[in-house]
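Chain and residue survey
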Amino acid sequence: MGQAKIYYDSDADLGVLSNKKIVFLGFGNQGSAQAQNLRDSGIPNDQILIANRVDSYAETAKAKGFHVEHDFATAAEVADVLFILIPDQVQPRVFNEQFSPKLKSNATIVVASGYNVFFNLLKFQPGQDVVMVAPRMIGSSVRSLHEKGRGFPCFVSVEQNGTGKGLDAALALSCAIGATKQGAIASSVREETVMDLMAEQALWPNIIMMFREAFNVLKDAGCSDEALCYEMWMSKEPAEIFERAADDGFVAQLKHHSTVSQYGQLSGSLKLEGGAMREHFKDILYNQILSGKFCEAFSQIEDDLDKEGDTNPLNELYKRSEEMELVKAEKRVRARLAGLL
Ligand code: NDP
């Protein structure tokens, strides 16, 4: 792959959105941020509609002056553009059953994550545009950065170009939510999904495992819980390192460390050849993610994720994680230091 194209405000024409009814399905993290940014960009309030069940999210949208529609069929019928901004695991059920049958045949559908489109879990009509506008930030930052007049990193792509004008729509919508100010990177649902799932299923599980095992070894070697928790994460040193990596460079940030640290980190990492880890990562990428195996297994537990107690598979995993010595020790340390943290 070569360099990705980057789109800026000057590539977008907000005119393509004039007189279009823009519906936001969901007013949560991303929904509330993107709808407010879009309105601030000059899209008239009467063109914006929030589709949400009757509850506190709907009340928040009303309090912010938005028009709210509780009946999803009605919202679907009027939508020229539909932002799907509800949790990924409920999108197939809600979109396929309540929106898809009523949507205009030339509607533009916007997703903020590639997962459901990449794994073909959403039903689209051939004349519709399907675009991805995926901020790389949590919703509160999407909003606060826009309010400060700054942009935020975002991926953009056209996945189905039913009208032939999908890119114009994608760029106008990206610009309207503030995503082209800093430059929106041309991507795809495949790229976004594999990177996300690899981070979630390969990189971070290994990082968690490495912290767990380093903790166990150092504890066995006589280090105290208090010292370990602070040394390893409660001091926020790892967060600072990643912040420096983002600002100065992944390796260049090492220059902020002591000479002993720089020497240890560079010589140690260069000594680790990484072949076994590369094979492990490839196995996860090809046999777990791209094969569709994870998606299939996750689809089967989706409904259970709404349950209370141990029948919810996520609760069961949390319970098992609490058996880690690192977690038990942290609890003791936090209880002891309660009020001081
Ligand atoms: P949220 O969890 O904040 O979504 C909450 C919204 O979804 C509320 O409006 C809620 O309304 C609605 N909702 C939840 N369940 C249902 C349901 N069963 N039927 C109808 N509405 C429902 O989602 P996010 O904003 O976190 O995520 C939205 C999309 O943005 C996802 O695709 C996600 O991957 C993507 N994304 C998220 C980021 C983040 O910062 N969280 C970052 C980048 C992308 P109510 O409960 O009232 O029905």
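These figures come from a predicted structure and were not determined experimentally.

With that settled, consider the packing of aromatic side chains. All chains considered together, the criterion is met by 8 aromatic pairs. When the centroid spacing of 5.7 Å and the interplanar angle of 20 degrees are considered together, the rings of phenylalanine 294 and phenylalanine 298 count as stacked. Of this pair, phenylalanine 294 and phenylalanine 298 both sit in helix 13 (residues 293-301), 4 residues apart, which is roughly one turn of that helix. Following the ring pairs from residue to residue traces out a cluster consisting of Tyr115, Phe118 and Phe119. The positively charged end of arginine 39 is found above the aromatic ring belonging to phenylalanine 66, 3.8 Å away from the centroid.

A few words now on the pattern of salt bridges. The tally for this structure, following the rule as stated, stands at 20 salt bridges. Ionic pairing is found between glutamate 147 and arginine 143, a salt bridge with its closest N-O pair at 3.5 Å. In this pair, glutamate 147 and arginine 143 are both assigned in helix 6 (residues 139-147), 4 residues apart and thus about one turn of the helix distant. Residue arginine 143 is classed as buried on the basis of its relative accessible area, which comes to 14%. The partner of glutamate 226 in a salt bridge is arginine 336, with the nearest N and O atoms 2.8 Å apart. Placement of glutamate 226 in helix 9 (residues 225-234) and of arginine 336 in helix 15 (residues 325-336) is noted, with a sequence separation of 110 residues between them. A cluster of three or more residues bridged by salt bridges with shared partners is formed by Lys219, Asp225, Glu325 and Arg332.

For the rest of this paragraph, the subject is the site of the ligand. The full set close to the ligand counts 23 residues, and Phe27, Asn52, Arg53, Asp55 and Asp88 are the nearest of them. Residue arginine 53 places a side-chain N or O atom 2.6 Å away from an oxygen atom belonging to the ligand. Protein contact buries 82% of the 890 Å² of open area that the ligand shows by itself. Put simply, the parts of the chain that give the shell around the ligand at least two residues each are helix 1 (29-40) and helix 4 (91-99). Partitioned by chemical class, the residues of the shell around the ligand number 12 nonpolar, 8 polar and 3 charged.

Right, let's talk about the state of the cysteines for a bit. Summed over the entire model, instances satisfying the criterion amount to 0 disulfides. Free of any disulfide, cysteine 223 has its nearest neighbouring cysteine sulfur in cysteine 229, separated by 12 Å.

Even without glycine at this site, asparagine 120 takes up a positive phi of about 55 degrees. Examined against the element boundaries, asparagine 120 turns out to sit in the loop between helix 5 (115-118) and strand 7 (129-135). Residue classification places asparagine 120 among the exposed residues on the basis of a relative accessible area of 66%.

The next point concerns the pairing of strand 3 (residues 48-51). Along a regular strand, successive side chains alternate from one face of the sheet to the other. Of the two faces of strand 3, the one lined by Ile48 and Ile50 and the one lined by Leu49 and Ala51 are each fully buried. On the question of chirality, the crossover connecting strand 2 (residues 22-25) to the parallel strand 3 by way of helix 1 is right-handed. Pairing geometry for strand 3 and strand 4 (residues 67-69), over 3 bridges, is parallel. When the bridges of strand 4 are listed, isoleucine 50 appears paired with valine 68. With helix 2 (residues 56-63) bridging strand 3 and the parallel strand 4, this β-α-β connection has right-handed handedness.

Moving on, we get to the packing of helix 9 against helix 15. The contact between helix 9 and helix 15 brings their axes to 9 Å, and the two run at 105 degrees. It follows that helix 9 is roughly perpendicular to helix 15 by the angle criterion. Of the residues in helix 15, those in contact with Asp225, Glu226, Cys229, Trp233 and Met234 of helix 9 are Leu326, Ala329, Glu330, Arg332, Val333, Arg334 and Arg336. When grouped by side-chain class, the residues that make up the contact of helix 9 with helix 15 number 6 nonpolar, no polar and 6 charged.

Turning to the nonpolar core, a few remarks are in order. Core analysis: the biggest nonpolar cluster contains 37 residues, and Ile22, Phe24, Leu38, Ile50, Phe83 and Leu173 have the highest contact counts within it. The element that contributes the greatest number of residues to this core is helix 7 (residues 166-176), accounting for 6 residues. Once residues within four sequence positions are removed from consideration, isoleucine 50 is found in contact with Phe24, Phe27, Ala35, Ala61, Phe66, His67, Val68 and Glu69. Core analysis: the second largest hydrophobic core is formed by 26 residues, Leu49, Phe99, Ile109 and Met132 among them.

Another aspect to go through is helix 8 (residues 189-220). Over its 32 residues, helix 8 runs 45 Å from end to end, which matches the ideal 46 Å to within 8%, given 1.5 Å per residue. The principal kink in helix 8, of about 40 degrees, is found at alanine 199. By the burial criterion, the buried members of helix 8 are Val189, Glu192, Thr193, Val194, Leu197, Met198, Gln201, Ala202, Asn206, Ile207 and Phe215. Looking at the residues trailing helix 8, positive phi occurs at glycine 222, about 105 degrees.

Turning next to a nonpolar patch on the surface. Among the surface-exposed residues, Leu203, Trp204, Ile208, Phe242, Phe250, Val251, Leu266 and Leu270 lie close enough to one another that they form a single nonpolar patch of about 880 Å² accessible area. Where the nonpolar patch is concerned, the elements lending two or more residues are helix 8 and helix 11 (259-271). Note on placement: valine 251 falls in the loop between helix 10 (237-248) and helix 11.

Within the open sheet, the 9 strands sit side by side as 1-9-8-7-6-5-2-3-4. Their pairing is mixed. In this open sheet, the two edge strands, each paired with only one partner strand, are strand 1 (6-7) and strand 4. The sheet contact formed by strand 2 and strand 5 (residues 81-84) spans 4 bridges and is parallel. Paired with phenylalanine 24 across the strands is phenylalanine 83, a residue of strand 5. Packing against the sheet, helix 7 makes contact with strand 1, strand 2, strand 5, strand 6 (108-111), strand 7 and strand 8 (154-161), and its axis sits at approximately 150 degrees to strand 8.

Rules used in this analysis
Residues numbered from 1 in each chain as written. Predicted model: local features only at pLDDT ≥ 70, side-chain atom pairs only at ≥ 80, totals over all residues. Heavy atoms only, no water. Phe/Tyr/Trp six-rings, centres within 6.5 Å; stacked < 30°, edge-to-face > 60°. Helix = DSSP H or I, 4+ residues; strand = E, 2+ residues; numbered from the N terminus. Lys NZ or Arg CZ within 6 Å of the ring centre and 35° of its normal. Salt bridge = Lys/Arg side-chain N within 4 Å of Asp/Glu carboxyl O. Buried < 20%, exposed > 50% of the residue type's maximum accessible area, 1.4 Å probe, protein only. Near = heavy atom within 4 Å. Polar contact = N/O pair within 3.5 Å; in protein donor to acceptor, adjacent residues only side chain to side chain. Areas by Shrake-Rupley, 256 points an atom, 1.4 Å probe, with all protein chains shown as cover. Nonpolar A, V, L, I, M, F, W, Y, C, P; charged D, E, K, R; others polar. Disulfide = S-S within 2.5 Å. Right-handed = clockwise from strand over helix to strand, strands pointing away. Pairing = 2+ DSSP bridges. Axes fitted to C-alpha atoms, helices over the stretch in contact; angles between N-to-C directions. Parallel < 35°, antiparallel > 145°, perpendicular 65-115°, else oblique. Contact = heavy atoms within 4.5 Å. Core = buried A, V, L, I, M, F, W, Y, C linked by side-chain atoms within 4.5 Å. Expected span 1.5 Å × (residues − 1). Bend = angle between axes of the 7 residues up to and from the residue. Patch = residues over 30% accessible without salt bridge, like charges linked within 9 Å, V, L, I, M, F, W, Y side chains within 5 Å.

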